[in-house]
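Here is how the chains run, residue by residue.
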Amino acid sequence: MAGSGKAHLRDSGDVLLRVEDLVVEFPVGRTGLKVHAVSGISFDVLRGETLGVVGESGCGKSTTGKAMMMLPRPNSGSVVFEGAELTSLPPDAMRAARTRMQMIFQDPISSLNPRRKVRDIVREPLVIWKRGAEKEQLAKVDQLLEEVGIDPQRAAESQAHQFSGGQCQRISIARSLVLDPTLIICDEPVSALDVSVQAQVLNLLEDLKLKYGLTLVFIAHDLAVVKNISDRVQVMYLGKICEVAPSNSMYTSPAHHYTKLLLDSIPVPNPDVAVQQVAVQGEPPSPVLPPSGCRFNPRCAAADDRCRSEEPQLRKVADGHFVACHHPLFGGEAPVAVRSAAN
Amino acid sequence: MNSRVQATSRQTDGPLLKVTDLKTHFRTERGLVRSVDGVSFSLERGRALGIVGESGSGKTVLSRSIMGLLPGRNTERSGSVVFEGEEIIGLSLKDRRKIWGREMSMIFQDPMTSLNPVMRVGKQITEGLKIHLGMDNENARATALRLLHDVRIPEPEKRLNQYAFELSGGMRQRVMIAIALACGPTVLFADEPTTALDVTVQAQILELIGEQRRDRNMSVILVTHDLGVVAGHTDEIAVMYGGKLVEKAPTRTLFANMKMPYTEALLRSIPNIEDPSHTRLNVIAGRPPDLVNPPKGCRFSPRCEYVQPKCIAEEPPLLTAEHADHVYACWYPVGSPVYREKRAQLDKAKKSAGMSQVGAG
């Protein structure tokens, strides 16, 4: 199996979610070709941890998030959540499992039904699962709405379009919490929001995580946001994992050339910091025909013949820090320049 | 390119673009929405101005209002926009069309919806060349090819015959830029040109806009909510809030010495990549004002941490800071005694709250 390796998976600790060799492919019309959205990735999330997933559009980060929920079922691989193998669960059991894992989406307005009252939207999961009498349900809904900063009275009278984007995202968060889940998958939850509102929502997620003992998988393309909220960060590129590390060390000492490129591309809100000349031009290639070897090799300055033919496996470069690169920025067997000269 | 020569000779000594007390109001069922409420500024040739603000601050309406791109019905526009010495408010559609493309052009946020999905990319670029510059087919096609090459689209010949859906987001935005640059505009409006793009592509697109600006001695108005984007790519920044311009300064001056608490709050709410993870983010409480009933006094006062009775009672005028090119609208600007006193109190409160949080965690 040409996976990206499993050296980074943990045996110890309270593993809530363990994904192994996850593959998701979509057919391209009737051409017989396939979009290789996620190509054999493995990762785990400990209870109470926040895992950040970053990468450019098309790297498979959202597909990974959805595949964890079996939306749709992955082509192959295993997803173990709270000890249960989700890929082989019958539909009823899967529906029950989804009450324990919830999702928050990017566009807060289109993820709420425009024709229903907001309070009913938040309550609906309780109605479907027949949790408690009406009075208890409403009490719970109102308490959650207040916690996310929405006036329950207004929520009872208003529809989603009467709220701002930030408020709609707060409503989505309340809805995701109503069934007492353990895992929340946040797919770009703040990308559509203004920076000022983004900060409010991120702080809210941190507060709720502490209060309800949640585990988060936080998918985003903004590295500063991901660093802020995550304990560990996983960088993805074209359906593969490049690097996994505790968030602080990922940012102070990236080991993968792609991570370095992402970090260098962030605009710094300080005019005295010279704008970095973008080291790598171009955009990710098509996931229909991904490059052989290391998938980043066509855009990588350090790429050599080995990178074009042999896929790198994830290996340890520091405590908790793993990288899938033949010539990492640190922790390699030999410096990059020496290696390429030897070849 | 006769028109360009004429345009240049028409120019008088003043700035390229001078906006004075521009107001743009929309009549709605709820009442009059004061999206742009008395904005004045000027822009020199070849300079890049950033217009920054949250959603609903009026930054997009301002740029469209200057270009005359707003629907006529239910829109009230007053004030003056002098472009190359000529008043362009009140021009007929026919006259505005002469300005669009050749003098002013715009790049929009979403490159997918701003390109025609059923027209080949090449035709969308040559359209303007033929209409505005009167080029023939062959000439227009050659120019389009050169433009695609300028915006660094790989295999430009192939792209001319492709449709928007066949291109990636970054590539589509490059096509938009090629269309906007086609007729050699004097001012390029870029309305959130990189918001829909990945960071790596964003950096490339911003670099491309800057490079084209220098090559063509073109002015750029970069409208964005991201202070990080404007910091590295503009000469001046105007901050908008609730339809008003609340601070304007050369980029370096603004970052080194911001006066308006709103500007400061906006900057402080950006997560800093240097901070360790789980650092508590600074927020701006509340929401932008309702532009039908904007707050009396300073429009930022309901959300301002440093608010004083005077702020609620009386609207601050635009004042000049130490440098004449730095203006701000605040009674108690950053660094003033009242501000410092309040800041000390807030820091103290935050510190004790932080302590209790650590204890609880």
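Residues numbered from 1 in each chain as written. Chains lettered and ligands numbered in written order. Predicted model: local features only at pLDDT ≥ 70, side-chain atom pairs only at ≥ 80, totals over all residues. Heavy atoms only, no water.

1. Remarks on unusual backbone geometry
So, step 1. The linkage connecting leucine 71 of chain A with the following residue, proline 72 of chain A, adopts the cis geometry, with an omega of -5 degrees.
So, step 2. Along the chain, proline 72 of chain A turns up in the loop between helix H1 (61–68) and strand E4 (76–81).
So, step 3. Its identity as a non-glycine residue notwithstanding, aspartate 180 of chain A has a phi of 55 degrees, on the positive side.
So, step 4. Secondary-structure assignment places aspartate 180 of chain A in the loop between helix H6 (165–177) and strand E7 (183–187).
So, step 5. Classification of aspartate 180 of chain A by relative accessible area gives partly exposed; the value is 39%.
So, step 6. If you check the backbone angles, histidine 278 of chain B has positive phi at about 65 degrees while not being a glycine.
So, step 7. We classify histidine 278 of chain B as partly exposed; its relative accessible area is 33%. (Helix = DSSP H or I, 4+ residues; strand = E, 2+ residues; numbered from the N terminus. Buried < 20%, exposed > 50% of the residue type's maximum accessible area, 1.4 Å probe, protein only.)

2. Let's talk about the pattern of salt bridges
Residues and elements named next belong to chain A.
So, step 1. Under the definition given, this model contains 44 salt bridges over all chains.
So, step 2. The partner of lysine 316 in a salt bridge is aspartate 319, and the shortest N-O contact between them spans 3.5 Å.
So, step 3. Given the relative accessible area of 65%, aspartate 319 is considered exposed.
So, step 4. By sharing partners, the salt bridges in this structure join Lys6, Asp11, Arg18, Glu20 and Asp21 into a single network. (Salt bridge = Lys/Arg side-chain N within 4 Å of Asp/Glu carboxyl O.)

3. Re the layout of surface pockets
Residue and element names in this part refer to chain B.
So, step 1. Size it by volume and the second largest pocket reaches roughly 770 Å³.
So, step 2. Trp100, Gly101, Glu127, His132 and Ile179 are the residues nearest the centre of the second largest pocket, which is lined by 25 residues in total.
So, step 3. Sorting the residues of the lining of the second largest pocket by element identifies helix H3 (93–99), strand E6 (104–107), helix H5 (121–133) and helix H8 (169–181) as the ones contributing at least two each.
So, step 4. Of the residues contributing to the lining of the second largest pocket, the split by class is 13 nonpolar, seven polar and five charged. (1 Å grid on protein atoms, 1.4 Å probe; cavity = no way out; pocket = protein on both sides within 12 Å on 5 of 7 lines; lining within 4 Å. Points joined across faces, edges and corners; volume = space filled by probe spheres on them. Nonpolar A, V, L, I, M, F, W, Y, C, P; charged D, E, K, R; others polar.)

4. Quick look at the sheet that holds strand E7 (residues 187–191) of chain B
All names here are of chain B.
So, step 1. Pairing in this open sheet of eight strands is mixed, and the strands run E6-E7-E8-E3-E9-E10-E12-E11 from one edge to the other. The sheet is open, and its two edges are formed by E6 and strand E11 (319–320), each paired on a single side.
So, step 2. Here E11 runs beside strand E12 (residues 327–328); their pairing, made up of two bridges, is antiparallel. Looking at the pairing, threonine 320 lines up with valine 327 of E12.
So, step 3. H8 contacts E6 and E7 of the sheet and is inclined by roughly 175 degrees relative to E6.
So, step 4. Sitting on the sheet, helix H9 (residues 199–216) touches strand E3 (48–52), E6, E7 and strand E8 (219–224), and the angle it makes with E8 is about 155 degrees. (Pairing = 2+ DSSP bridges. Contact = heavy atoms within 4.5 Å. Axes fitted to C-alpha atoms, helices over the stretch in contact; angles between N-to-C directions.)

5. Side note on the pairing of E3 of chain B
All names here are of chain B.
So, step 1. With five of five residues buried, E3 lies mostly within the body of the structure.
So, step 2. With burial as the criterion, each face of E3 is covered, one bearing Ala48, Gly50 and Val52 and the other bearing Leu49 and Ile51.
So, step 3. In the sheet, E3 pairs with E8 via five bridges, with the strands oriented parallel. Of the residues in E8, the one forming a bridge with glycine 50 is leucine 222.
So, step 4. Alignment of E3 against strand E9 (residues 236–241), held across four bridges, turns out to be parallel. Residue pairing for E9: valine 52 is matched across the bridge by valine 239.

6. Description of the sheet that holds strand E2 (residues 34–46) of chain A
Residues and elements named next belong to chain A.
So, step 1. Taken together, the four strands give an open sheet; going across it, the order is E2-E1-E4-E5, and neighbouring strands pair in antiparallel fashion. Each of the sheet's edge strands pairs with one partner strand only, and the pair in question is E2 and strand E5 (84–85).
So, step 2. Summarising the sheet, strand E1 (residues 15–27) and E2 pair through ten bridges and their orientation is antiparallel. Paired with valine 24 across the two strands is valine 38, which belongs to E2.

7. What to know about the confidence of the model for chain A
So, step 1. On average, residues of chain A carry a pLDDT of 89, and 93% of them reach 70 or more.
So, step 2. Across residues 334–343 of chain A, where pLDDT falls below 50, the model places nine contacts with residues more than four positions away in sequence or in other chains. (pLDDT = per-residue confidence, 0-100.)

8. Here we look at helix H4 (residues 134–147) of chain A
Residues and elements named next belong to chain A.
So, step 1. Taking 1.5 Å per residue as the helical rise, H4 with its 14 residues ought to reach 20 Å, and the 20 Å between its terminal C-alpha atoms agrees with that figure.
So, step 2. Taken residue by residue, H4 has Gln137, Leu138, Val141, Asp142, Leu144 and Leu145 as its buried positions. The buried side chains of H4 occupy one side of the element, clustering within an arc of 165 degrees when seen end-on. Away from the buried face of H4 by more than 90 degrees, exposed residues Lys135, Glu136 and Glu146 are located. (Expected span 1.5 Å × (residues − 1). Arc of directions from axis to C-beta.)

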